[in-house]
Amino acid sequence: DAGVTQSPTHLIKTRGQQVTLRCSPKSGHDTVSWYQQALGQGPQFIFQYYEEEERQRGNFPDRFSGHQFPNYSSELNVNALLLGDSALYLCASSLRRGASGYTFGSGTRLTVV
Amino acid sequence: AQSVTQLDSQVPVFEEAPVELRCNYSSSVSVYLFWYVQYPNQGLQLLLKYLSGSTLVKGINGFEAEFNKSQTSFHLRKPSVHISDTAEYFCAVSDNRDDKIIFGKGTRLHILP
């Protein structure tokens, strides 16, 4: 049974560019939540997608946007990249928005130069 | 709003010695509490969680934690650590809507030979 799959695993982008990160949830899960983990910090909640809609959002600017597809997979898009966007981006899937049932992926390491 | 404070950023401990990682939370409502572990270059793995019932929670890899409502604490303990326990440990909280998890900044457990 596949867990949460994130792609790519590593990515290097230039300031001002745009990036798209992808997440496939664990089989049977229908909710995807995204977190940003800066170096030496705990993960920070970006947003959650359920039934193809953004249901909750953390304290992140509009440059961060997302999408959920009918097969429950999700994308995280970041526009106008800043150096401070360099981080590990984690995807967590769950069932019916239940955070207590989170399963995390291994993350995408984004480096902005 | 909930928040989590992990009182120690790093904890060095000798192999086979006991360890306690401290966590305090703040919330105006009932909470769910979690401990996650992150090994180098990996995502987050759930060690244990408290949702309700017994305040002593047993998790994987010999870890346990005790929910103390009066002290708003959820400290993680292990009676005898192994070199393989070297990792970053995150305490986390969710309110009873269970729709997102808020993480602490993490405690790095460093096992000394």
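Thresholds, definitions, all that
Residues numbered from 1 in each chain as written. Chains lettered and ligands numbered in written order. Predicted model: local features only at pLDDT ≥ 70, side-chain atom pairs only at ≥ 80, totals over all residues. Heavy atoms only, no water. Helix = DSSP H or I, 4+ residues; strand = E, 2+ residues; numbered from the N terminus. Rg over C-alpha atoms; globule rule 2.2 N^0.38 Å. Buried < 20%, exposed > 50% of the residue type's maximum accessible area, 1.4 Å probe, protein only. Contact = heavy atoms within 4.5 Å. Areas by Shrake-Rupley, 256 points an atom, 1.4 Å probe, with all protein chains shown as cover. Lys, Arg positive; Asp, Glu negative; His and termini not counted. Charge placed at Lys NZ, Arg CZ, Asp CG, Glu CD. Core = buried A, V, L, I, M, F, W, Y, C linked by side-chain atoms within 4.5 Å. Pairing = 2+ DSSP bridges. Axes fitted to C-alpha atoms, helices over the stretch in contact; angles between N-to-C directions. Polar contact = N/O pair within 3.5 Å; in protein donor to acceptor, adjacent residues only side chain to side chain. Buried area = accessible area lost by both parts, 1.4 Å probe. Nonpolar A, V, L, I, M, F, W, Y, C, P; charged D, E, K, R; others polar.

Re the overall build of chain A
Each helix and strand counted, chain A has zero helices and eleven strands in total. Mapped from its N terminus to its C terminus, chain A presents α and β elements in the order β-β-β-β-β-β-β-β-β-β-β. The C-alpha atoms of chain A give a radius of gyration of 13 Å, which matches the 13 Å a tight globule of 113 residues would have. Relative to its full complement of 113 residues, chain A shows a buried share of 50%. Restricting the contact set of chain A to residue pairs at least 6 apart, pairs at least 24 apart contribute 54%. Surface summary for chain A: the accessible area is close to 5,200 Å², and the carbon and sulfur share equals 47%. Positive and negative charge centroids in chain A, built from 10 and 9 side chains respectively, lie 8 Å apart.

A word on the nonpolar core
Counting residues in hydrophobic clusters, the biggest one holds 29 residues, and the most contacted among them are Trp 35, Leu 48, Phe 74, Leu 76 and Tyr 89 of chain B. Once you skip the residues sitting within four places of it in the chain, Leu 48 of chain B turns out to touch Leu 33, Phe 34, Trp 35, Val 57, Lys 58, Gly 59, Phe 63, Glu 64, Ala 65, Phe 74 and Leu 76 of chain B. Residues Val 32, Trp 34, Val 78 and Ala 87 of chain A belong to the second largest nonpolar core, which totals 20 residues.

Re the sheet that holds strand E1 (residues 5-7) of chain A
Residues and elements named next belong to chain A. Spatially, four strands are ordered E1-E3-E8-E7 in an open sheet, and the strand pairing comes out antiparallel. Every other strand in the sheet has two partners, leaving E1 and strand E7 (64-68) as the edge strands with one partner each. Direction aside, the axes of adjacent strands within the sheet are offset by 20 degrees on average. As defined by bridge partners, strand E3 (residues 19-24) adjoins strand E8 (residues 74-78) across five bridges and the pair is classed as antiparallel. The residue of E8 that forms the bridge with Cys 23 is Ser 74.

What about the side chain of Asp 85 of chain B?
Residue and element names in this part refer to chain B. Turning to its location among the elements, Asp 85 is positioned in the loop between strand E9 (73-78) and strand E10 (87-95). Here the side chain of Asp 85 touches Lys 78 through a polar contact of 2.8 Å, side chain to side chain. Sequence-distant contacts of Asp 85, defined by excluding residues within four places in its chain, comprise Phe 63, Lys 78, Leu 109 and Ile 111.

Things to note about the interface of chain A and chain B
In this assembly, 20 residues from chain A lie in contact with 18 residues from chain B. Counting the surface lost from both chain A and chain B, the interface buries some 1,400 Å², and carbon and sulfur atoms represent 51% of this. Our enumeration of links across chain A and chain B arrives at six residue pairs in polar contact (both at pLDDT 80 or more). Sorting the residues of the side of chain A that touches chain B by element identifies strand E4 (31-37), strand E5 (44-50) and strand E9 (87-94) of chain A as the ones contributing at least two each. Of the residues belonging to the side of chain A that touches chain B, the class tally is eight nonpolar, eleven polar and one charged.

Thoughts on the side chain of Asn 77 of chain A
Topologically, Asn 77 of chain A is positioned in strand E8. On the basis of relative accessible area, Asn 77 of chain A is assigned to the buried category, the value being 15%.

None of this, on its own, says anything about what the molecule does.
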